Amino acid sequence: MLYRDYKNEKISVLGMGNMRLPVVDDVQGNPIDYKRAEEIIDFAMANGITYYDTAYVYHQRTSEDFLGDALVDRYPRDSFKVATKFNINATTDYVACFEEQLKKLHTDYIDFYLIHAVNADNGPKYIESGCIEYFKEQKAKGRIKNLGFSAHASCEYLREFADYTDWDFAQIQLNYFDWTYGTAKEEYEILRERNLPIVVMESIRGGRLSALTEECDALLKGRQPDMSVSSWALRWLMTLPGIQVVLSGMSTMDQIKDNVATFDKAPLNEDEVKFLLEVCDKFHNQVKIPCTACRYCTPGCPMGIEIPTVLSIYNKYKVDGAWGIKEQLEKLTAGPKDCINCGACMVECPQSIKIPEMMAEFAEVAAKL
């Protein structure tokens with residue numbers, strides 16, 4: 001297991017995320033499957049993972065209870081670090097929330113406490129509520145050891161919030177895809193400029209980087225036959241200075257065994273990084289529908305489908321996965337299932353996109369969401 005120093009302590013670089021624990025009958029929304037989830041925690045502890053991340057809202061507010069039962073009650077308190085978060089959209093009563101979290105986690109202090117999911121909309125609410133000052137008071141009392149924040153913010157607002165006070169650490173979404181095609185590189189540099197230790201979330205992009213396309217997977221497996229596709233993402237993160245913890249939401253024993261084995265390996269070398277980013281470009285080109293939203297296709301659609309909007313949502317699904325896609329489709333007056341395959345759109349499309357084919361594919365996907 002790879003460890004890095006943090007304030008004269010060694011903390012495992014691989015952190016256990018507790019947002020995607022196994023659930024009963026593997027049905028989303030069902031209660032946590034305690035037996036299977038405890039097996040994962042036990043394997044994590046036996047193999048040197050010392051950082052365990054949860055939040056007030058995870059698993060319908062039951063993740064903290066589970067971690068209190070499965071980790072805090074069963075292992076010496078100084079053998080691991082607990083991270084949890086306050087979410088102002090879940091409750092504005094930060095005093096009651098913090099006390100509840102301590103009870104749920106069966107502990108009298110939190111090692112890493114975070115202001116949760118900061119962005120330009122909720123950031124001012126956090127500041128104006130007084131919660132940050134309250135949590136700083138709890139830190140002074142020893143009930144919080146380190147105070148930080150997690151952010152899903154624009155780079156501009158990330159700078160503003162990072163400068164609000166003296167934070168101990170920060171958590172951002174960071175992976176090689178978002179580094180190349182998103183703002184992750186700039187976000188990373190913003191935190192590095194402020195000497196903030198970085199905790200990484202979405203290291204495998206919610207699982208999307210564990211299986212790319214058939215061709216891209218074959219390229220990675222051909223280069224390293226004994227390594228999983230997801231291990232490339234984790235070993236890429238190991239190359240970045242300032243990364244304190246890399247979180248992974250491990251739902252199965254196979255996942256945690258693979259991740260533990262990965263963190264016994266060396267970071268990617270320079271040639272491997274170059275190769276991975278070349279594969280990333282190929283992946284991006286293979287999954288993305290090249291719609292430029294010129295809208296030449298829309299006036300002639302007899303079903304009134306906002307074709308560029310639908311293709312944009314499908315692109316998001318192909319890159320990001322199913323999160324929020326159903327809700328976006330439900331807002332449309334007409335969606336992919338309404339396409340009658342008349343071909344009128346293709347006559348007008350300058351990109352020669354096979355729009356009816358894309359609509360049929362997406363309709364099949366959407367039916368399973």
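By convention here, each chain's residues receive numbers from 1 onward along its written sequence. Totals for whole chains, interfaces and linings use all residues, but because this is a predicted model, local features are given only for residues with pLDDT of at least 70 and pairs of side-chain atoms are given and counted only at 80 or more. Computation of side-chain values covers all heavy atoms of the structure but excludes hydrogens and water.

1. A closer look at the sheet that holds strand 8 (residues 169–173)
The criterion for strand pairing is that DSSP finds at least two bridges linking the strands in question. Counting from the N terminus, the helices are the DSSP runs of H or I reaching at least four residues and the strands are the DSSP runs of E reaching at least two. The strand order 3-4-5-6-7-8-9-10 describes a closed barrel built from 8 strands, whose pairing is parallel. Direction aside, neighbouring strands of the sheet carry axes that sit 30° apart on average. Of the pairings in the sheet, the one linking strand 9 (residues 198–201) to strand 10 (residues 243–248) comprises 3 bridges and is parallel in character. The residue bridging Val-199 from the neighbouring strand is Val-245, located in strand 10. Across the sheet, helix 7 (residues 155–162) lies against strand 6 (110–118) and strand 7 (144–151), angled at about 160° from strand 7, the strand it touches most. Simply put, an axis is a line fit to the C-alpha atoms, just over the touching stretch for a helix, and the angle between two N-to-C directions goes from 0 to 180 degrees. The contact definition used throughout considers only heavy atoms, calling two residues in contact when any of these lie within 4.5 Å.

2. Some details on helix 3 (residues 63–72)
Note on helix geometry: an α-helix contains 3.6 residues per turn, so any two residues three or four positions apart are oriented the same way. Summary of the burial criterion: residues with accessible area below 20% of their type's maximum are buried, those above 50% are exposed, and those between are partly exposed, where the area comes from a 1.4 Å probe applied to protein chains only. Taken across its 10 residues, helix 3 has 8 buried, putting it largely inside the fold. Listing the buried residues of helix 3 in full gives Ser-63, Glu-64, Phe-66, Leu-67, Gly-68, Ala-70, Leu-71 and Val-72.

3. Points about the nonpolar core
Among buried residues, the Ala, Val, Leu, Ile, Met, Phe, Trp, Tyr and Cys ones that are joined through side-chain atoms within 4.5 Å form a nonpolar core. Among the nonpolar cores identified, the biggest contains 89 residues, and Tyr-52, Ile-115, Phe-135, Phe-149, Leu-174 and Trp-236 are the most heavily contacted of them. Of all the elements, helix 13 (residues 270–287) adds the most residues to this core, at 7 residues. Not counting the four nearest positions on each side in its chain, Leu-174 is found in contact with Trp-179, Ala-184, Tyr-188, Val-200, Met-201, Glu-202, Ser-203, Trp-236, Leu-237, Leu-240 and Ile-243. In this structure, Ile-289, Tyr-314, Leu-329 and Met-358 belong to the second largest nonpolar core, which totals 20 residues.

4. Considerations on the packing of helix 7 against helix 9 (residues 184–193)
In the contact formed by helix 7 and helix 9, the axes pass within 10 Å of each other and the chain directions differ by 20°. Comparing the axis directions of helix 7 and helix 9 gives the class roughly parallel. The handedness of the crossing between helix 7 and helix 9 is right-handed. On the side of helix 7, the interface is formed by Cys-155, Leu-158 and Arg-159, while helix 9 contributes Glu-186, Glu-187, Ile-190 and Leu-191. Amino acid classes used here: Ala, Val, Leu, Ile, Met, Phe, Trp, Tyr, Cys and Pro are nonpolar; Asp, Glu, Lys and Arg are charged; the rest, including Gly, are polar. Grouping the constituent residues of the contact of helix 7 with helix 9 by class yields 4 nonpolar, no polar and 3 charged. Orientation is classified from the angle alone, with under 35 degrees giving roughly parallel, over 145 giving roughly antiparallel, 65 to 115 giving roughly perpendicular, and any other angle giving oblique. Left-handed describes a crossing in which the near helix is turned anticlockwise from the far one by less than a right angle; the clockwise case is right-handed.

5. Comments concerning the pattern of salt bridges
The term salt bridge refers to a pairing of a side-chain nitrogen on Lys or Arg with a carboxyl oxygen on Asp or Glu at a separation within 4 Å. A full pass over the atoms with the stated rule returns 23 salt bridges. Close ionic contact of Asp-33 with Arg-36 constitutes a salt bridge, the shortest N to O distance being 3.3 Å. The class of Arg-36 is partly exposed, set by a relative accessible area of 29%. With a shortest N-O distance of 2.8 Å, Asp-168 and Lys-139 are connected by a salt bridge. Remark: Lys-139 occurs in helix 6 (residues 131–140) and Asp-168 occurs in the loop between helix 7 and strand 8; sequence separation between them is 29 residues. One connected set of salt bridges, linked through shared partners, spans Lys-7, Lys-139 and Asp-168.

6. Brief notes about the pairing of strand 6
Across the 9 residues of strand 6, 9 count as buried, placing the element largely inside the fold. When the strands point away from the viewer, a crossover counts as right-handed if the path from the first strand over the helix to the second runs clockwise. In this region the chain leaves strand 5 (residues 81–86), passes through helix 4 (residues 94–104) and returns to the parallel neighbour strand 6; the handedness of that crossover is right-handed. Sheet analysis places strand 6 next to strand 7, joined by 6 bridges and oriented parallel. The residue bridging Tyr-113 from the neighbouring strand is Leu-147, located in strand 7.

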